[in-house]
Protein chains: 2
Amino acid sequence: MTTAEIPGPAEISGPAGTLGILDTLGSLGEQAVLARIFPRLPAAASELLGPGDDAAVVAAPDGRVVITTDMMIHGPDFRLAWSTPYDLGWKAAASNLSDIAAMGAVPTALVVALAVPADTPVLVLEQFSDGLRHGCDSLAPGCGVVGGDLSVSTVFTIAVTALGDLEGRAPVLRSGAVVGDVVAVSGVLGAAAEGLRLLFEHGTVDSVPDVASAARLRLEHAAAIAAQLAPQPPIADGPAAAIAGATAMLDLSDGLAIDARRLAAASGVALDLSSAAVGGKLQLDGGEDHSLLATFPATTILPGGFRAIGMVVAGVGVLVDGEPYIESSGWDPYRGWDGEAG
Amino acid sequence: MTTAEIPGPAEISGPAGTLGILDTLGSLGEQAVLARIFPRLPAAASELLGPGDDAAVVAAPDGRVVITTDMMIHGPDFRLAWSTPYDLGWKAAASNLSDIAAMGAVPTALVVALAVPADTPVLVLEQFSDGLRHGCDSLAPGCGVVGGDLSVSTVFTIAVTALGDLEGRAPVLRSGAVVGDVVAVSGVLGAAAEGLRLLFEHGTVDSVPDVASAARLRLEHAAAIAAQLAPQPPIADGPAAAIAGATAMLDLSDGLAIDARRLAAASGVALDLSSAAVGGKLQLDGGEDHSLLATFPATTILPGGFRAIGMVVAGVGVLVDGEPYIESSGWDPYRGWDGEAG
């Protein structure tokens, strides 16, 4: 958790001040930046020792701790012309919280490592922190940031690690689905992919991501854009599913069909989904839902926001209305990113 | 812990195969790369559930868990012309293990997020994994990798989060030093900085980091180069210090003088170091030692590799032989990096 690679005010020779009235990471110096960020970070109820020492200490009353890590890279994962810093903080929290919830655990703490260009305004880091805080407070109250790292890179890079508490329960794996179980989902399907499509089709000028176009899309397609840039995964439904007896569960990050195929393979079964319940190809193939896919014994009263979308059957892979389903190959427009633009 | 942003073999349109006989992350595809990496990662004795689900589960028998995170960025933190992939894996493990040890805890598990250019040979990732494994096995036996994330970025970026177990003890903070305590250090002082100086002075051609020059330096100055590129922090001495009654401790990452000043400030005391015990400016100002600085009651028989280097006295800051010490401003040659070279 050392952060000393950020130069102090006396050591600046580079791009400091190029943004005029705005303080930057480089111009203000590490200590002053951290002093402005720390009060904005969410507090963790599980925090026994917070930022400022070599490491933090977090309560793990269960005697086990759930841990996941995920990076967000400018280019492949987001564009600064589309996502506000607040969005990025929110999404970095949301996507990691969702992986914890998908184990049936309650998120307890995050550590957040951030590497940004030296000329990044401190305002950006403050808004990022606000997004982290509001994301945690809204999606997983009690979960907070207990530590982190701040570095300089030419590529805006976010690495979050999340911890969770199983509260005495067994973790819900991908491998426990049994023939006859109900397949259920909690959360939105397809909206994040629709938002991404809109951004690539209407959020660019000369193929370059554009701030003003994205702002217009936020007004005209609020739900889809928000689902892509600041998703609201149903975190509390993860533990709720575990308590209700979910036999398998995972976070929908790469699209319902791909992730259902993973659950099916891990469990040695097939999932037969109902097109009437799921919707169409957008819902089946769209990525980044961060909704929860779970299986339950057929007699279970589905908890929280879960709704039935199919059945676990004998076989391999994913069926829709009894027919084998082949998802679209998942064209990812970010892959064309040149490493510099927007 | 989703990794699906790495394109599969059928989806390649870019720089795949530019390295000829070598498979790359882009050409081989995510699943094949992970299959080659996983067997090389160190196993964690604390692992209850390893890679492959949304999150891992780690034993935390103490009811608390120590957590730290640290990023290494190509450019500010390392150069690919100087560090082998093996070195990078080793150092990423070592620097995070050291932060856990500095709390008096035993490292139990790592999660490792890696973002690399798509044309990175898989061999690089295999060697990185070997470095992680040998680093953990050598420095903190029983600690291993329980999860991670693999992404594409134009900047080679490593983000490691480490967990540790306090085994029922209180964490050793920076703030507990008391007037009359002995100041002690375990591990090498100054060698990592000497290695960095040698690399910048003799490891470049036309100011660009050079592989052949670095190879020659490895032969001629093995200890200093190894201290910089693949440090061997005395991890076991962290818990040993806690058991022996250390009153304060930290990991020496930014140089003995700067870090001693932090410990002094947190404890509200001054540290008076002996030049005869410490050495000269190289030992006082050199960064990245990843040695442990601790204070002990004067009657303590110093554990493990700790040796006395001074006393805790009333006052502020760092003294050497009773005189206030001002460290050099810590010129960091990495700061001049242009984001592209070497």
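For clarity, every value in this text was computed on a predicted model and none was experimentally measured.

S.K.: What's the story with the overall build of chain A in this structure? I'm lost.
M.R.: Helices and strands together make up the secondary structure of chain A, namely 11 helices and 15 strands. Looking at the 342 residues of chain A, the share that counts as buried comes to 60%. For chain A, the computed accessible surface area is about 11900 Å², with 60% contributed by carbon and sulfur atoms.

S.K.: Sorry, what's going on with the interface of chain A and chain B here?
M.R.: The figure often quoted for interface size is the accessible area lost as the parts come together. Contacts between the two partners involve 66 residues from chain A and, on the opposite side, 65 residues from chain B. Buried area between chain A and chain B, both sides added, is near 5000 Å², and the carbon and sulfur share of it is 57%. For the salt bridge of A:R174 with B:D54, the shortest nitrogen-to-oxygen distance reads 3.4 Å. Taken together, the links from chain A to chain B amount to 17 residue pairs in polar contact (both at pLDDT 80 or more). Secondary structure elements with two or more residues in the side of chain A that touches chain B: β1 (47-49), β2 (56-59), β3 (64-73), β4 (106-116), β5 (144-152), β6 (157-165) and β10 (248-252) of chain A. If you tally residues by element for the side of chain A that touches chain B, the top one is β3(A), at 9 residues. Here the residues of the side of chain A that touches chain B sort into 37 nonpolar, 15 polar and 14 charged. Sheet topology places β2(A) next to strand β3 (residues 64-73) of chain B; 4 bridges connect them, and they run antiparallel.

S.K.: What am I meant to see in the UniProt feature "binding site: Mg(2+) 3" (unreviewed entry) in chain A here?
M.R.: Mapped onto this numbering, the UniProt entry gives "binding site: Mg(2+) 3" (unreviewed entry) at A:D54, A:D99 and A:D251. Looking at where A:D54 falls in the secondary structure, it is placed in the loop between β1 and β2.

S.K.: Explanation requested: unusual backbone geometry in the structure shown.
M.R.: A negative phi holds for most residues other than glycine; trans holds for most peptide bonds. Residues and elements named next belong to chain A. The backbone of E167 sits at a positive phi, close to 50°, despite the residue not being glycine. Among the secondary structure elements, E167 is positioned in the loop between β6 and β7 (182-186). Of the residues examined, E167 reaches a relative accessible area of 46% and is grouped as partly exposed. Backbone geometry places S207, a non-glycine residue, at a positive phi of 70°. Assignment of secondary structure puts S207 in the loop between β8 (204-205) and β9 (208-209).

S.K.: In this structure, what is going on with the pattern of salt bridges? I would like to understand it.
M.R.: It is possible for side chains bearing opposite charge to pair when their charged atoms get close. Applying the stated criterion to the full structure yields 34 salt bridges over all chains. In this structure, B:R174 and A:D53 form a salt bridge, with 3.5 Å as the shortest nitrogen-oxygen distance. Here the residue B:R174 occupies a position in the loop between β6 (157-165) and β7 (182-186), and A:D53 occupies one in the loop between β1 and β2, the pair thus bridging two chains. Relative accessible area serves as the criterion here: at 15%, B:R174 is assigned to the buried category. With relative accessibility at 10%, the residue A:D53 sits in the buried group.

S.K.: Looking at this model, I keep getting lost on the UniProt feature "binding site: Mg(2+) 1" (unreviewed entry) in chain A. Mind explaining?
M.R.: All names here are of chain A. Per the UniProt record, "binding site: Mg(2+) 1" (unreviewed entry) is annotated on T69, D70 and D149. There is a polar contact of 3.2 Å between the side chain of T69 and the backbone oxygen of V160. Position of D149 relative to the elements: it lies in strand β5.

S.K.: Quick question: what am I supposed to make of the sheet that holds β6(A) here?
M.R.: Strand pairing in a sheet relies on backbone hydrogen bonds, with the paired strands running either antiparallel or parallel. Taking strand neighbours across the sheet as the criterion, the 6 strands line up as β5(A)-β4(A)-β6(A)-β3(A)-β2(B)-β1(B) in an open arrangement whose pairing is mixed. Strands with a single pairing partner mark the edges of an open sheet, and in this sheet they are β5 of chain A together with β1 (47-49) of chain B. Neighbouring strand axes in the sheet, compared pairwise and without regard to direction, differ in orientation by 25° on average. Inspection of the sheet shows β4(A) paired to β6(A) by 9 bridges, in the antiparallel sense. For A:L114, the partnering residue across the bridge sits in β6(A) and is A:I158. Relative to β3(A), helix α3 (residues 85-101) of chain A is tilted by about 140°, and along the sheet it contacts β3, β4 and β6 of chain A.

S.K.: Sorry if this is basic, but what is going on with the sheet that holds strand β4 (residues 106-116) of chain B here?
M.R.: A sheet is described by the order of its strands in space; here 6 strands give the open sequence β1(A)-β2(A)-β3(B)-β6(B)-β4(B)-β5(B), paired in mixed fashion. The open sheet terminates on both sides in strands that have one partner only, identified here as β1 of chain A together with β5 (144-152) of chain B. Neighbour-to-neighbour, the strand axes of the sheet open up by a mean angle of 25°, direction not taken into account. The strands touched by helix α3 (residues 85-101) of chain B are β3, β4 and β6 of chain B; relative to β3(B), the strand with the most contacts, the crossing angle is about 140°.

S.K.: It is not clear to me how the packing of aromatic side chains should be interpreted in this structure. Could you clarify?
M.R.: What describes a pair of aromatic rings is the distance from one ring centre to the other and the angle between the planes of the rings. Residues and elements named next belong to chain B. Here the structure, examined in full by the defined rule, presents 8 aromatic pairs over all chains. Judged by centre distance (5.9 Å) and plane angle (90°), the ring pair of F78 and F156 falls under edge-to-face. Here F156 lies in the loop between β5 and β6 and F78 lies in the loop between β3 and α3, a separation of 78 residues in the sequence. Pair check on accessibility: F78 and F156 agree, each one buried. Centre to centre, the rings of W82 and F200 are 4.9 Å apart; their planes meet at 80°, and the pair counts as edge-to-face. Of this pair, W82 sits in the loop between β3 and α3 while F200 sits in helix α5 (residues 191-202), and the two are 118 residues apart along the sequence. Here W82 falls in the buried class, since its relative accessible area comes to 2%.

S.K.: So what exactly am I meant to see when it comes to the environment of B:L250 here?
M.R.: Residue and element names in this part refer to chain B. Mapped onto the secondary structure, L250 falls in strand β10 (residues 248-252). Residue classification places L250 among the buried positions, given a relative accessible area of 0%. In the structure, L250 is positioned 77 residues away from L173 in sequence and 7.5 Å away in space, judged by C-alpha atoms.

S.K.: I keep staring at the packing of α5(B) against helix α7 (residues 222-229) of chain B and nothing clicks. Help me out?
M.R.: Helix-helix packing is described using two parameters, namely the angle between the two axes and the distance between the axes. Residue and element names in this part refer to chain B. At a closest axis distance of 7 Å, the pairing of α5 and α7 adopts a crossing angle of 100°. Between α5 and α7, the angle falls in the class roughly perpendicular. Only A224, I225, A227, Q228 and L229 of α7 make contact with α5, whose side of the interface consists of A191, A192, E194, G195, L196, L198 and L199. A per-class count over the contact of α5 with α7 returns 9 nonpolar, 2 polar and 1 charged.

S.K.: Just checking my understanding: could you explain the relation of the copies chain A and chain B for this structure?
M.R.: In summary, the two copies of the chain are related to each other by a rotation about an axis coupled with a shift along it. Here chain A sits on chain B after a turn of 180° about the axis and a move of 0.0 Å along it, with an RMSD of 0.0 Å. Such a combination of turn and shift is consistent with a two-fold rotation axis. Of the C-alpha atoms belonging to chain A, the one lying closest to the rotation axis is found on A:G63, 2.5 Å away. Take the interface residues of chain A: 98% of them recur as interface residues in chain B, which is what a same-surface contact looks like.

S.K.: Hey, could you run me through the nonpolar core in this one?
M.R.: The tendency in soluble globular proteins is for nonpolar side chains to be buried side by side. Counting 45 residues, the largest nonpolar core has A:L110 and A:I158 as the members making the most contacts within it. Sequence-distant contacts of A:I158, defined by excluding residues within four places in its chain, comprise A:D70, A:M71, A:M72, A:F78, A:L88, A:A92, A:A113, A:L114, A:F128 and B:M71. In terms of nonpolar packing, the next biggest core, distinct from the first, is built from 44 residues, B:W90, B:A94, B:A105 and B:C136 among them.

Definitions and cut-offs
- Residues numbered from 1 in each chain as written.
- Chains lettered and ligands numbered in written order.
- Predicted model: local features only at pLDDT ≥ 70, side-chain atom pairs only at ≥ 80, totals over all residues.
- Heavy atoms only, no water.
- Helix = DSSP H or I, 4+ residues; strand = E, 2+ residues; numbered from the N terminus.
- Buried < 20%, exposed > 50% of the residue type's maximum accessible area, 1.4 Å probe, protein only.
- Areas by Shrake-Rupley, 256 points an atom, 1.4 Å probe, with all protein chains shown as cover.
- Contact = heavy atoms within 4.5 Å.
- Buried area = accessible area lost by both parts, 1.4 Å probe.
- Salt bridge = Lys/Arg side-chain N within 4 Å of Asp/Glu carboxyl O.
- Polar contact = N/O pair within 3.5 Å; in protein donor to acceptor, adjacent residues only side chain to side chain.
- Nonpolar A, V, L, I, M, F, W, Y, C, P; charged D, E, K, R; others polar.
- Pairing = 2+ DSSP bridges.
- UniProt positions renumbered as here; feature names shortened; annotations may be inferred.
- Axes fitted to C-alpha atoms, helices over the stretch in contact; angles between N-to-C directions.
- Phe/Tyr/Trp six-rings, centres within 6.5 Å; stacked < 30°, edge-to-face > 60°.
- Parallel < 35°, antiparallel > 145°, perpendicular 65-115°, else oblique.
- Least-squares fit on C-alpha atoms with pLDDT ≥ 70 in both.
- Core = buried A, V, L, I, M, F, W, Y, C linked by side-chain atoms within 4.5 Å.

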